[in-house]
Amino acid sequence: MVGLIDSHVHLDDKRFAGEIPQLIDRAKKAGVAEMIQIGIDLRTSKIAIELSEKHPEIYPVVGFHPNELASYEDHEEKLIELAQGEEVVAIGEIGLDYHWDKYSREKQKELFLRQIDIAKNLNKPIVIHNRDAHQDTMDILRQEHKYLPGGVLHCFSGSWEMAKMCLRWGFYISFAGPLTFPKSNKLREIATNVPNDRVLIETDCPYLAPQAFRGKRNEPAYVVEQAKMLAQLKGLDYQEVARLTRENTIRLFNLKDD
Ligand code: NI
């Protein structure tokens, strides 16, 4: 049995307090072997590293989310220091969020670029957050992809045209719970068309529980739902989807598979 990797989790969330060993346990019972823990600011980036030290199933990613930029300038040096850790597999989640528009678009773009620079200097991939900012995200990735060792469009929500360009630039596309929602026909069509060697799956837990658990707190065990849907869409065995999404995640994040 090939274990899935949940490529995007936020286990630091209050809703999981005191429950992380149980979450990992439930994930393993469901067939989810590992998970990538994502930072959104300095505090959660540190937690990502701490969790990875405690739990061999967890790999840390550090960065400032576009909705959490208030203390970026003060903490940039510290972030760079954390990012240098050998255990840190990527910089993220970084990007643009024009849905909440918490900071000016100019500031979001500037700090997205500055964090891309950190990734470039360390030769690490990036985890990209894009909400309602497709055009500006594309403009930045068009310029920057050639200097990066890769990245992933997390919780993909764009068009097939956008996916195609990102694939051409070497990025991976990750699908979260919305892949299983009844109304997501367009997203499912995109997932069907993403090449088998570029697709990832994630929960983004505690947010965005898949249809079978909709409205509930999401957790890594539920990424199985995205794998099942992908198998159905691509006409592959579940085990084959487990294998290929696992291999893709290992390749992108340069994980040591043991
Ligand atoms: Ni996230």
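Notes on the structure in this doc start here.

So, how was this worked out
- Residues numbered from 1 in each chain as written.
- Predicted model: local features only at pLDDT ≥ 70, side-chain atom pairs only at ≥ 80, totals over all residues.
- Heavy atoms only, no water.
- Helix = DSSP H or I, 4+ residues; strand = E, 2+ residues; numbered from the N terminus.
- Buried < 20%, exposed > 50% of the residue type's maximum accessible area, 1.4 Å probe, protein only.
- Lys, Arg positive; Asp, Glu negative; His and termini not counted.
- Charge placed at Lys NZ, Arg CZ, Asp CG, Glu CD.
- Salt bridge = Lys/Arg side-chain N within 4 Å of Asp/Glu carboxyl O.
- Expected span 1.5 Å × (residues − 1).
- Contact = heavy atoms within 4.5 Å.
- Donors = N, O, S within 2.8 Å, 3.2 Å for Na, K, Ca; no water.
- Tetrahedral: all angles 85-135°; square planar, octahedral: opposite > 155°, others 65-115°.
- Phe/Tyr/Trp six-rings, centres within 6.5 Å; stacked < 30°, edge-to-face > 60°.
- Lys NZ or Arg CZ within 6 Å of the ring centre and 35° of its normal.
- Axes fitted to C-alpha atoms, helices over the stretch in contact; angles between N-to-C directions.
- Parallel < 35°, antiparallel > 145°, perpendicular 65-115°, else oblique.
- Nonpolar A, V, L, I, M, F, W, Y, C, P; charged D, E, K, R; others polar.

1. Brief notes about the overall build of the chain
Secondary structure assignment for the chain yields 9 helices and 8 strands. If you line up the chain on its principal axes, its C-alpha atoms span 45 × 40 × 35 Å. A buried classification covers 57% of the 258 residues belonging to the chain. Here the chain carries 34 positive and 40 negative side-chain charges, and the mean point of each set is 4 Å from the other.

2. Here's the deal with the pattern of salt bridges
Throughout the structure, instances matching the rule amount to 22 salt bridges. Here K164 and E161 are joined by a salt bridge, their closest N and O atoms 3.4 Å apart. Taken as a pair, K164 and E161 lie in helix α6 (residues 160-168) at a separation of 3 residues, close to a single helical turn. A relative accessible area of 31% places K164 in the partly exposed class. In this structure, K228 and E225 form a salt bridge, with 3.5 Å as the shortest nitrogen-oxygen distance.

3. Quick notes on helix α3 (residues 72-83)
Helix length check: α3 (12 residues) gives 14 Å between terminal C-alpha atoms against 16 Å at 1.5 Å per residue, more than 12% under. On the buried face of α3, the contacting elements are α2 (42-54), β3 (58-62), β4 (90-97) and α4 (105-122).

4. Topic: the coordination of the nickel ion
Summarising the metal site, the nickel ion is bound by the protein donors H8 (NE2), H10 (NE2), E93 (OE) and D204 (OD), whose distances to it range over 2.1 to 2.6 Å. One can describe the donor arrangement at the nickel ion as irregular, given that its 4 donor atoms subtend angles of 86 to 178° at the metal. The class for H8 is buried, based on a relative accessible area of 1%. Judged by relative accessible area, which is 2%, E93 ranks as buried.

5. Comments concerning the packing of aromatic side chains
Tallied over the full model, the rule gives 3 aromatic pairs. When the ring of F213 is compared with that of Y222, the centres are 3.6 Å apart and the planes differ by 0°; the resulting orientation is stacked. The aromatic ring of Y98 is capped on one face by R105, whose charged end is 4.1 Å from the ring centroid. Above the face of the F181 ring, R214 is positioned so that its terminal group lies 3.6 Å from the ring centre.

6. Considering unusual backbone geometry
The residue after G92, namely E93, is reached through a cis peptide bond having omega 0°. Backbone torsion omega between C205 and P206 reads 15°, so that peptide bond is classified as cis. Assignment of secondary structure puts P206 in the loop between β8 (199-201) and α8 (223-234). At C155, a position not held by glycine, the phi torsion is positive, near 45°. With respect to the element layout, C155 can be found in the loop between β6 (151-153) and α6. On the basis of relative accessible area, C155 is assigned to the buried category, the value being 18%. Phi angles above zero are rare outside glycine, and L208 is one such case at about 60°. Classification of L208 by relative accessible area gives partly exposed; the value is 33%.

7. Points about the packing of helix α7 (residues 185-193) against α8
Taken N-terminus to C-terminus, the directions of α7 and α8 make an angle of 70°; their axes are 9 Å apart at the nearest point. Considered as vectors, α7 and α8 are oriented roughly perpendicular to each other. When α7 is examined against α8, the residues R188, A191 and T192 are found in contact with a partner set consisting of M229, L230, L233 and K234. Within the contact of α7 with α8, the residues separate by chemical class into 4 nonpolar, 1 polar and 2 charged.

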